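A closer look at the structure
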Amino acid sequence: MADHDSAGGFGWFLAGLGIGALVGVLYAPKSGKETRDDLRSGALEAKDRANELYKQVASEYVDRSKQVAAEYVDKGKEYYDRGRTQWTQYVDKGKDLIQTQADAAKAAVEAGKEAYVAKTSETTPIA
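Basis of the calculations
- Residues numbered from 1 in each chain as written.
- Predicted model: local features only at pLDDT ≥ 70, side-chain atom pairs only at ≥ 80, totals over all residues.
- Heavy atoms only, no water.
- Helix = DSSP H or I, 4+ residues; strand = E, 2+ residues; numbered from the N terminus.
- Areas by Shrake-Rupley, 256 points an atom, 1.4 Å probe, with all protein chains shown as cover.
- Patch = residues over 30% accessible without salt bridge, like charges linked within 9 Å, V, L, I, M, F, W, Y side chains within 5 Å.
- Salt bridge = Lys/Arg side-chain N within 4 Å of Asp/Glu carboxyl O.
- Buried < 20%, exposed > 50% of the residue type's maximum accessible area, 1.4 Å probe, protein only.

For the chain, the count of helices and strands is two helices and zero strands. With the model as given, the accessible surface of the chain reaches about 11700 Å², and the carbon-plus-sulfur share is 63%.

Another point: a nonpolar patch on the surface. Side chains of Phe10, Phe13, Leu14 and Leu17 sit close together on the surface and give an oily, nonpolar patch of about 430 Å² of accessible area. Looking at the secondary structure, you find Phe10 in helix 1 (residues 2-26).

What follows is about the pattern of salt bridges. Taken as a whole, this structure holds five salt bridges when the rule is applied. One salt bridge connects Lys113 with Glu110, and the closest N-O pair in it is separated by 3.9 Å. Here Lys113 and its partner Glu110 are both found in helix 2 (residues 32-122), three residues apart, which amounts to about one turn of the helix. The class of Glu110 is partly exposed, set by a relative accessible area of 38%. Within the structure, one salt-bridge network assembled from shared partners comprises Lys33, Asp37 and Arg40.

Right, dumping it as C-alpha cells:
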C-alpha cells in the first residue's frame, strides 16, 4: 500500500511539473528564441564563472600546499640541525672521555715507571 501511495505521489509531482512548465511557456514575456538565447547566455556566464572560481580555488590550494610543504621542509631542517648539534656534542664528549682515559693511562704508566725506578734504586745488589 505504501508503494502505491508513493508511486501516486510521484505521478502527481510529474503532472504538476508538466503543468508548471506549460503555464510558464504560455505566460512567458519573451519569444521562444529570446528565451533560448537568454538561457544559452546564462549557461555560458555560469560556465565562465565556474571556471573562474575553479581557477581561484585551485590556485589557493596550490599556494596553501606550497606553504605547508615549506613549513615541513623548515621543520625537517630544524630537526636535522638539532640532531647534528646533538651528534657533535656526543662526539665531543666521546673525544673528551678518550682524552681523559688516555691521560689517566699515561699517568699510570709514568707512575709505574717511577715506582720501578724507585724500587730498583732502593735495593742494593747482593755481592
